[in-house]
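What follows is the residue order along each chain.
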There are 2 protein chains.
Amino acid sequence: MMDEDASNLLKKMPIENLILGIGDVAAATGVSQSQIRYWESKGYIHSEASNDGKNRKFSYKTVLKVQQIKTYLDDGYTLVGAAKQSQRRSNYFDTLRSFFEGRFVNMAIDPDSQQASIDLGPFDPEPGKSLIAERIDDHWHFKLIDAKN
Amino acid sequence: MMDEDASNLLKKMPIENLILGIGDVAAATGVSQSQIRYWESKGYIHSEASNDGKNRKFSYKTVLKVQQIKTYLDDGYTLVGAAKQSQRRSNYFDTLRSFFEGRFVNMAIDPDSQQASIDLGPFDPEPGKSLIAERIDDHWHFKLIDAKN
DNA sequence: CGTGTAAGGAATTCTGACACG
DNA sequence: CGTGTAAGGAATTCTGACACG
């Protein structure tokens, strides 16, 4: 039932390695290509200058930033204001990732039953216990187990 | 401190809407473009035929599948075997998403302190309590609060 | 079977300019 | 300021064929 590569969880999810062309960023966010180019020229977003190619590539993090700036624009901010707001705080994705990195100790999936369990590490109110999230029949619930020394 | 759009958490993360060109899929996964085209021709993966364009576009779900097939190939499976294995079970991403959808009730981020809290809903061992994950000074810990009726 | 490559055409993206406001 | 568009060239992707094994 234990899955050997559960520890590679984050590495197995090609999110950090994702790079997208401008057309795909535009399609995903609803922001036009000319807007994206202009925002980049003003320094509100950045493209990955690394690679060999000549065409722009954007990281997934930048896609999220574009999405966020657009949200503020739709709320009535000017572009300058929207860009400033988007810089003001980390977004949900960053927070979720920090939660993963901080608390996901292990994840196991049973290949047949699709039963899954996530080890969230020590349960602070009860030291000595580990918090486990378990999926049974498509329903998630929490339980405590004795932490292994 | 409460964030009004926390309920749109998943919708705000343009992962489901992501579509990538073949070059970006190849770059993200380390699988060559000719491999990707061949795998598609054999029906192991699919491209999004929806849009107007003529060039292939792949969903993020398909990127994960490509990644998974590659992992099995690297382990020594034949392509047919790797494709079959990749179909055998849902991947980590699916499991994580099901965890989110099943248990993430709310998420709040304080714009200034970057303190964050995630409401994970009723804590099964103690009905009447809600499980909260809280980030303070970049460290996540769990606590229980009285569930609101 | 499974992948790579050369070839010529098609689709996408590039820049710099100009328009509108 | 902020975005859109037409224009011509550059970079990317397309298909069908062929090679290798």
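This section reports on the structure supplied with the text.

How each quantity is defined
Residues numbered from 1 in each chain as written. Chains lettered and ligands numbered in written order. Predicted model: local features only at pLDDT ≥ 70, side-chain atom pairs only at ≥ 80, totals over all residues. Heavy atoms only, no water. Near = heavy atom within 4 Å. Polar contact = N/O pair within 3.5 Å; in protein donor to acceptor, adjacent residues only side chain to side chain. Helix = DSSP H or I, 4+ residues; strand = E, 2+ residues; numbered from the N terminus. Nonpolar A, V, L, I, M, F, W, Y, C, P; charged D, E, K, R; others polar. Contact = heavy atoms within 4.5 Å. Buried area = accessible area lost by both parts, 1.4 Å probe. Salt bridge = Lys/Arg side-chain N within 4 Å of Asp/Glu carboxyl O.

## Here's the deal with the protein's contact with DNA strand C
Okay, step 1: Close contacts around DNA strand C come from 17 residues, with A:Arg56, B:Ser32, B:Ser34, B:Gln35 and B:Trp39 the closest.
Okay, step 2: With respect to DNA strand C, the side chain of A:Arg56 contributes an N or O atom lying 2.7 Å from a phosphate oxygen.
Okay, step 3: Broken down by secondary-structure element, the contributors of at least two residues to the surface near DNA strand C are helix H2 (22-29) and helix H3 (33-41) of chain A together with helix H3 (33-41) and helix H5 (79-88) of chain B.
Okay, step 4: Top element by residues in the surface near DNA strand C is H3(B). It accounts for four residues.
Okay, step 5: Looking at the surface near DNA strand C, its residues break down into six nonpolar, eight polar and three charged.

## Some thoughts on the interface of chain A and chain B
Okay, step 1: The interface of chain A with chain B comprises 56 residues on the first partner and 56 residues on the second.
Okay, step 2: Counting the surface lost from both chain A and chain B, the interface buries some 5000 Å², and carbon and sulfur atoms represent 67% of this.
Okay, step 3: When the area that chain A buries against chain B is broken down by residue, the three leading residues are A:Tyr92, A:Trp140 and A:Phe142, summing to 16%.
Okay, step 4: Of the charged contacts in the structure, one is a salt bridge between A:Arg88 and B:Asp112, with a shortest N-O distance of 3.8 Å.
Okay, step 5: Joining chain A to chain B, the criterion identifies twelve residue pairs in polar contact (both at pLDDT 80 or more).
Okay, step 6: With nine residues, the single largest contributor to the side of chain A that touches chain B is helix H6 (residues 92-103) of chain A.
Okay, step 7: Considering only residue class, the side of chain A that touches chain B consists of 33 nonpolar, eleven polar and twelve charged.

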